[in-house]
Amino acid sequence: MQTDASNVTLPGLFANKCFRIPNYQRGYAWRESQLNDLWDDIIDIQKNGTTYRPHYTGTITLQQIDQIDLTPAEKKLSASGMEYYNVVDGQQRLTTLVILLNTLAKVIKKGKKQLIENFIKIKQNVCRFAYSDTNGNSYRFFMKNIIGEANTLPCSSTIYTANLEFASSFFENKFSSLKPKELNEFQEKLLTSLVFDTKYIQNNLDVQAVFETMNNRGKPLTSLEKLKNRLLYMTSKFDATVNIKGLSDEINNGWGLIYETLGKSNDNLLSEDEFLSAYLTLLREPTDYSFSESLAETKVFQMFCNHATKYDFSMTRQHNASIKEPIVDENKIRTFVSGIANFVGHWYDVYFPDLNTQRGLHIQKIQYLNGSKEMRIFLAKLLMMANAQSALVDECLEMTEKVLFKNALPGVSLLDERRFATRARDLHKGDLTLDELKKELDELLLQPIDVQSLIGGFRYLFTYVRGNIGFHRWVALKFFLMEYENHIQRNGFPHVKWDNYYDVQIEHIMPRTWSTHWSLEMNNYLNAHQSLNVDEVERAKNILINSLGNLTIIQDIKNAGVGNNPWAIKQKAYINGSYSEIEVATNTSWHPWGHDSIKARGKRMLDFMCDYLEHNNYRPITVTQNATQDDYTDILFFEAKYN
């Protein structure tokens, strides 16, 4: 084992050493800002006489790898003096420098072979630097796409592989602008000017002490990373009756799976701290419905510390202070690690559901109605139970979607939707069964809607408080229009898909700027209500334009360009649009478009709303065609009654 040293150059750092990134480390995270910082630092290095000035590049903390963990090829080289080390800290920096050296070796003419042998790979194709998990995605990508090993198995794209690829392209672009002389100068700076402090640690206790106080450049440690090292530290304190190495391997493997899963999307790295706070919500009761990220960090370190039993088990405001955290033992750590490693795949599937399946579509639609962390926790818990109770989980998902839509109706208040996180914890603890959850959802769907509150809620959308834009203020408008689109589509090929939900646009058929081409239609409407005063006329105009029957989703952005055109032009554009557009364009009983068309279409859409809310042959609201004398205010409102 080597001793700590300061002012070590790159050749000194790599002398007789190979480096591995252990699988419990997060993947490569540097992006353009960090790469630019490093590049500028190197470019700005100046000479002090005939040599370049030293440039301190940080600390590299290493832990020697046991012989038993080496491959046969590595053991053979080890016999001749090669040493192998896990990079405990400095992996982002060291990975970047290896990519930089590898890219430089491709463009220089002098010293290419020496660069490759000293920093990239040596005899028998053993790399000087690699990821330790030879079955891992980052290892395969690094070997194939960065180092160029042709025999490496295929790999999938993740946020970490995207970062590796970006770094390689970044340096290729930078080197392409340098002349041969500048390339040689750059190489000399790398090999002579960059200096490091090296620290060697021997056991998990030292790893814990060092790791929690370290920061990678621009990438502070997450709570999840610090927790992993806390678990390793606590494991190291167990007596000889515990298989410490076996438990440490479980922790490392579990965290390796977590990091790989959270980074599976190549453009969206899921938050480690949010994930940890979500899982903790299933295990302990927070002060609110779910743990915040900061409170989760506090609580999880209470769970796994030397004096865990002095902390309360729950963090609710009215918790039982006599119930404390259990002592930290092998079972507590093992149960936590296996549980959180199992949870991560379901958490990922909530963020990225398979929209080609009915289950995945329900999961995504639920999040269109409620995208909170509390709802994601609930959905992930349902997915955890799907293997054993698949049909029941799907029923609960479908019912949850309808409950959320019903709760989104103006004037209706079924429940505080944050309580879904509490129900997830109840399911996890066994205090609630899926059958009992289904019964709760069933009761919510059968709960009658107060007619006057509903009508009052819709009317309120047209007040001047926060804008009098009518149905555009309804939080579930787009969801409802998408459901209506799917309803009239029936068995046809979808023109507007749920996975494009956030790109879908809503258009006024009779435009808000109606005065340019729609004066005749508006005047026909107002002529039927000549008794209105000035204020009532303005209100009537606003209600007509922002009525539900006058709103449609459009298939693509090109149709938005005809938004203010007269009816004849819009009708032609709608023929090739969404099913909702086609319905408007082809239903001759609605032509030409105006007051009667808007009212008739709105009535049809409200009829569908009642159908959508029907549950077990019960319709909580029923639309009738009763009209009031004050017709201008009720063009979009409806009389409702219970079955």
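Residues numbered from 1 in each chain as written. Predicted model: local features only at pLDDT ≥ 70, side-chain atom pairs only at ≥ 80, totals over all residues. Heavy atoms only, no water.

Details of the overall build of the protein chain
Of regular secondary structure, the protein chain possesses 27 helices and 10 strands. Counting all 643 residues of the protein chain, 54% fall into the buried class. When the accessible area of the protein chain is evaluated, it comes to approximately 28800 Å², of which 47% is carbon and sulfur surface. The average position of the 71 basic charges and that of the 76 acidic charges among the side chains of the protein chain differ by 5 Å. (Helix = DSSP H or I, 4+ residues; strand = E, 2+ residues; numbered from the N terminus. Buried < 20%, exposed > 50% of the residue type's maximum accessible area, 1.4 Å probe, protein only. Areas by Shrake-Rupley, 256 points an atom, 1.4 Å probe, with all protein chains shown as cover. Lys, Arg positive; Asp, Glu negative; His and termini not counted. Charge placed at Lys NZ, Arg CZ, Asp CG, Glu CD.)

Some details on the pattern of salt bridges
When their charged atoms lie close together, side chains carrying opposite charge are able to pair. Under the defined criterion, the tally for this structure stands at 28 salt bridges. Salt-bridge contacts for K365 lead to E401; the nearest nitrogen and oxygen are separated by 3.1 Å. Of this pair, K365 sits in helix α15 (residues 358-369) while E401 is found in helix α17 (residues 390-408), placing the two residues 36 residues apart along the sequence. Taking the relative accessible area as the measure of exposure, E401 reaches 3% and is therefore buried. The residue R419 makes a salt bridge to E440 at a minimum N-O spacing of 3.6 Å. Of the two residues, R419 sits in helix α18 (residues 419-429) while E440 sits in helix α19 (residues 434-446), which places them 21 residues apart along the sequence. Among the residues examined, R419 registers a relative accessible area of 30% and is labelled partly exposed. Residues joined by salt bridges that share partners form a network here, namely R284, K299, E325 and K332. (Salt bridge = Lys/Arg side-chain N within 4 Å of Asp/Glu carboxyl O.)

Topic: the packing of helix α21 (residues 477-489) against helix α27 (residues 595-613)
Contact pair α21 / α27: the axes reach a minimum separation of 11 Å and the direction vectors enclose 90°. Taken together, the axes of α21 and α27 lie roughly perpendicular to each other. Counted together, F479, F480, L481, E483, Y484 and H487 of α21 and R601, R604, M605, F608, M609 and Y612 of α27 form the full contact between these two elements. Its residues placed into classes, the contact of α21 with α27 shows eight nonpolar, one polar and three charged. (Axes fitted to C-alpha atoms, helices over the stretch in contact; angles between N-to-C directions. Parallel < 35°, antiparallel > 145°, perpendicular 65-115°, else oblique. Contact = heavy atoms within 4.5 Å. Nonpolar A, V, L, I, M, F, W, Y, C, P; charged D, E, K, R; others polar.)

Description of helix α8 (residues 180-192)
The end-to-end C-alpha distance of α8, which contains 13 residues, comes to 18 Å, matching closely the 18 Å that a straight helix rising 1.5 Å per residue would cover. All of the buried residues in α8 are L183, F186, Q187, K189 and L190. The buried residues of α8 occupy an angular sector of 160° when projected down its axis, which confines them to one face. (Expected span 1.5 Å × (residues − 1). Arc of directions from axis to C-beta.)

Here's the deal with the confidence of the model for the protein chain
Mean pLDDT over the protein chain: 87, with 92% of residues reaching 70 or higher. Below pLDDT 50 for its whole length, residues 625-643 participates in 55 contacts with residues either more than four positions away or in separate chains. (pLDDT = per-residue confidence, 0-100.)

Details of the sheet that holds strand β5 (residues 55-64)
The six strands lie next to each other as β1-β8-β5-β6-β2-β7, forming an open sheet whose pairing is mixed. Taken across any chain shown, the strands that pair with only one partner, and hence form the sheet edges, are β1 (5-9) and β7 (129-131). In this sheet, neighbouring strand axes are inclined to one another by 40° on average, regardless of whether the strands run parallel or antiparallel. As judged from the four bridges shared by β5 and strand β6 (residues 83-89), these two strands associate in the antiparallel manner. Each residue of the ladder has a partner; that of T61, found in β6, is D89. (Pairing = 2+ DSSP bridges.)

Regarding the packing of aromatic side chains
In the structure shown here, the tally under the stated rule is 41 aromatic pairs. An angle of 80° between the planes, with centres 5.0 Å apart, marks the rings of F405 and Y612 as edge-to-face. Separated by 207 residues along the polypeptide, F405 in helix α17 and Y612 in helix α27 bring together distant segments of the chain. Accessibility expressed as a relative area gives 11% for Y612, which makes it buried. Directly above the ring of F304 sits K332, whose terminal nitrogen or CZ lies 5.3 Å from the centroid. (Phe/Tyr/Trp six-rings, centres within 6.5 Å; stacked < 30°, edge-to-face > 60°. Lys NZ or Arg CZ within 6 Å of the ring centre and 35° of its normal.)

Let's talk about the environment of H508
Among the secondary structure elements, H508 is positioned in strand β9 (residues 505-508). A C-alpha to C-alpha distance of 9.9 Å links H508 and I554, two positions 46 residues apart in sequence. In contact with H508, other than residues within four places in its own chain, are H472, I545, N546, N550, L551, G563, K570 and Y574.

Focus: α27
A rise of 1.5 Å per residue sets the reference length of α27, with its 19 residues, at 27 Å; its end C-alpha atoms lie 27 Å apart and thus fit the reference within 8%. Here α27 has its buried residues at H595, S597, I598, R601, G602, M605, L606, F608, M609, C610, Y612 and L613.

Notes on the side chain of N137
As for its position among the elements, N137 is in helix α6 (residues 137-147). The contacts of N137, once residues within four sequence positions are left out, are C155, S156, T158, T161 and E260.

Digging into unusual backbone geometry
Residue P592 is reached from H591 by a cis peptide bond, and omega for that bond is -10°. Its location among the elements puts P592 in the loop between α26 (579-586) and α27. With phi around 65°, N617 is a residue other than glycine that occupies positive phi space. For N617, the position within the fold is in the segment after α27. A residue is classified by how much of its surface remains accessible, and N617, at 72% relative accessible area, is exposed.

Digging into the packing of helix α16 (residues 373-384) against α18
Running from N to C, α16 and α18 point in directions that differ by 30°, and their axes come no closer than 7 Å. In terms of their interaxial angle, α16 and α18 are classed as roughly parallel. Here the hand of the crossing between α16 and α18 comes out left-handed. Taken together, the residues of α18 that come into contact with α16 (itself represented by E374, M375, I377, F378, K381, L382 and M384) are F420, A421, R423, A424, L427 and H428. Of the residues in the contact of α16 with α18, the class split is nine nonpolar, one polar and three charged. (Left-handed = near helix turned anticlockwise from the far one by under 90°.)

Regarding the environment of I582
Structurally, I582 can be placed in helix α26. Residue I582 is classed as partly exposed on the basis of its relative accessible area, which comes to 22%. Taking the C-alpha atoms as reference points, I582 and Q571, separated by 11 residues in sequence, lie 8.5 Å from one another.

Let's talk about the side chain of S580
Mapped onto the elements, S580 comes out in helix α26. Taking relative accessible area as the criterion, S580 reaches 1% and is therefore assigned buried. The residues touching S580, leaving out its near neighbours within four places in the chain, are Y484, E485, I488, T552, I553 and R601.

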